[in-house]
Amino acid sequence: MIETGQLFEIAVTGSGEEEGMPEFDAWRLEIGALAEILEAIDEQIHSKATITWRLADLHHSTPTIALRPEWNTELASRPVDAVMALWFSAVSDLRNGKDPEALGARALDAVRKALRPIGNGLRLVDFSYGERADALDVQISAALSNIKFKTEVAEEDWEGSLDELNLHNETNTFRLYPAVSRRWITCDFTPEQEALVRDNLQHKVSVTGEAVYRPKEMLPHRIRVKSIERLDDDVEPLDKFAQHYSVDETSEIFERLSEHRNGWQ
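Residues numbered from 1 in each chain as written. Predicted model: local features only at pLDDT ≥ 70, side-chain atom pairs only at ≥ 80, totals over all residues. Heavy atoms only, no water.

## With respect to the nonpolar core
Put simply, the rule is: By nonpolar core is meant a set of buried Ala, Val, Leu, Ile, Met, Phe, Trp, Tyr and Cys residues that side-chain atoms within 4.5 Å join together. Three labels apply to residues, based on accessible area from a 1.4 Å probe with only protein chains included: buried if under 20% of the type maximum, exposed if over 50%, partly exposed otherwise in between. Counting from the N terminus, the helices are the DSSP runs of H or I reaching at least four residues and the strands are the DSSP runs of E reaching at least two. Contacts are assigned to residue pairs with any non-hydrogen atoms lying within 4.5 Å of each other.
The biggest cluster of nonpolar side chains holds 41 residues, and the ones touching the most others in it are Phe8, Ile10, Trp87 and Leu136. Counting residues per element, the ones that place at least two in this core are strand E2 (8-14), helix H1 (24-46), strand E4 (64-72), helix H2 (79-95), helix H3 (105-115), strand E5 (122-129) and helix H4 (138-144). By residue number, the principal contributor to this core is H2, which donates nine residues. Other than its neighbours up to four places away in sequence, Phe8 contacts Leu38, Trp53, Ile65, Ala66, Leu67, Met84, Trp87, Phe88, Phe127, Ser128 and Tyr129. Formed by 16 residues, the second largest nonpolar core is a distinct cluster that contains Leu176, Phe189, Val197 and Leu219.

As C-alpha cells, this is what we get:
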C-alpha cells in the first residue's frame, strides 16, 4: 500500500527583464538541485531513499511545480515529516548564519548548487509544504559564504567495493561502495598509491584512513586513504549492494555504526 503526503511546491523567479520568468536551463538546474536535496536528506535519515516524489501540478504565472511524496505504508513512520522538518530547520539556520549541523555533506553540497544561480540567473526560489514556507534568496546565499561548517575526523577502517578512479581533479579519488548504503564514500589518495588503487579496481577492499563526517552523519563522506587491503576476488555487482538489507535491517546497522563510527568494527 502507498501513503501520500501534502504537496511540496517550488516557485522559481528569474532575475531578468522577462517579468521574472527564468531561463529554462536555470530553472531545470534549480529543480534538479532541490530534488537532490530532498533525496539526500531522505537517505541520510532513513539510510535508504524511502520517498518517491511525483509531479502533481504545474502553474505558469510564476513557474511553479508541485511534488507529491509517496512511500510504502509498511514503514513505521511518515518519512516525509522528518525530511521536511530537517529541511526547513536547515534553511532557517542558514538564513541566520548558523551551520545546520544535522544536514549531511551530500545535502549541503546540493544546497550550494541550488544557491549558485541566486542573484544571477535567478532572483528567488520559494517553496512550501503545508503551513511551512521559506525561500532560497540572496540573504541565504550571502550568509553561506560566512559560515564555518563543522566536520569530525577519525581514523577508521571501511569495507566495500573500490570503483570509479578519477585522476583529473587536484586530488586523486576513487569511490568506495560500502554494503550498508547505496551511497559511495569519496576516497582521496596520493600519486604514490595510484598503482595500488588500479590493482584493486572493482575488488572488495578494506580502506584505512581519516574518515571525515558531518556532525550528525553515520556514514563518512570522505576518507583520506592511508592503506588499502584486498579482501577477496568474489564481489557481487555494485547495483545489488544496496539490496542486501531491508530498511529496518539497514537502520539497525547504521545505529551500530553511529555508536562506533569505525566501519565494520
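## Details of the environment of Gly16
In this fold, Gly16 is placed in the loop between E2 and H1. Accessibility expressed as a relative area gives 54% for Gly16, which makes it exposed. Taking the C-alpha atoms as reference points, Gly16 and Gly121, 105 residues apart in sequence, are found 7.2 Å from one another.

## A closer look at the confidence of the model for the protein chain
Worth spelling out the cut-off: The quantity known as pLDDT measures the predictor's confidence residue by residue, on a range of 0 to 100.
Scored by pLDDT, the protein chain comes out at a mean of 87, with 86% of its residues at no less than 70. Scored below 50 in pLDDT, residues 238-244 makes 14 contacts in the model with residues more than four places away or belonging to other chains.

## Some words on H1
Going by this rule: Take the residue count of a helix, subtract one, and multiply by 1.5 Å to get its expected span.
Here H1 contains 23 residues, and its C-alpha end-to-end distance of 33 Å stays within 8% of the 33 Å for a straight helix at 1.5 Å per residue. Remark: Ser47 follows H1 within two positions and exhibits a positive phi of approximately 75°.

## Some words on the packing of aromatic side chains
Under the convention used in this document: Aromatic rings from Phe, Tyr and Trp, with only the six-membered ring used for Trp, were paired whenever their centres fell within 6.5 Å, and each pair was classed as stacked if the ring planes differed by under 30 degrees, edge-to-face if by over 60, and tilted otherwise. Placement of a charge over a ring requires the Lys NZ or Arg CZ to be within 6 Å of the ring centre, with the centre-to-atom vector within 35 degrees of the ring normal.
Applying the stated criterion across every chain, the model contains seven aromatic pairs. With a centroid separation of 6.3 Å and 55° between ring planes, the pair formed by Tyr177 and Trp184 is classed as tilted. The exposure class of Tyr177 is buried, given its relative accessible area of 12%. Just above the ring of Trp184 sits the side chain of Arg175; from NZ or CZ to the centre is 3.5 Å. When the ring centre of Trp184 is taken as reference, the NZ or CZ atom of Arg183 above it lies at 4.0 Å.

## Observations concerning the pattern of salt bridges
Inclusion rule: What counts as a salt bridge is simple: a side-chain nitrogen of Lys or Arg found within 4 Å of a carboxyl oxygen of Asp or Glu.
Applying the stated criterion across every chain yields a total of 20 salt bridges. In this structure, Lys113 engages Glu36 in a salt bridge whose closest nitrogen and oxygen atoms are separated by 2.8 Å. Taken as a pair, Lys113 in helix H3 and Glu36 in helix H1 lie far apart in primary sequence, 77 residues in all. Under the relative-accessibility criterion, Lys113 is labelled partly exposed at 34%. A relative accessible area of 24% places Glu36 in the partly exposed class. For Arg224, the salt bridge is made with Glu210, and the minimal N-O distance between the two is 3.2 Å. Highlighted residues: Arg224 in strand E11 (residues 222-232) and Glu210 in strand E10 (residues 204-213), separated in sequence by 14 residues. When its relative accessible area of 28% is taken as the criterion, Glu210 is described as partly exposed.

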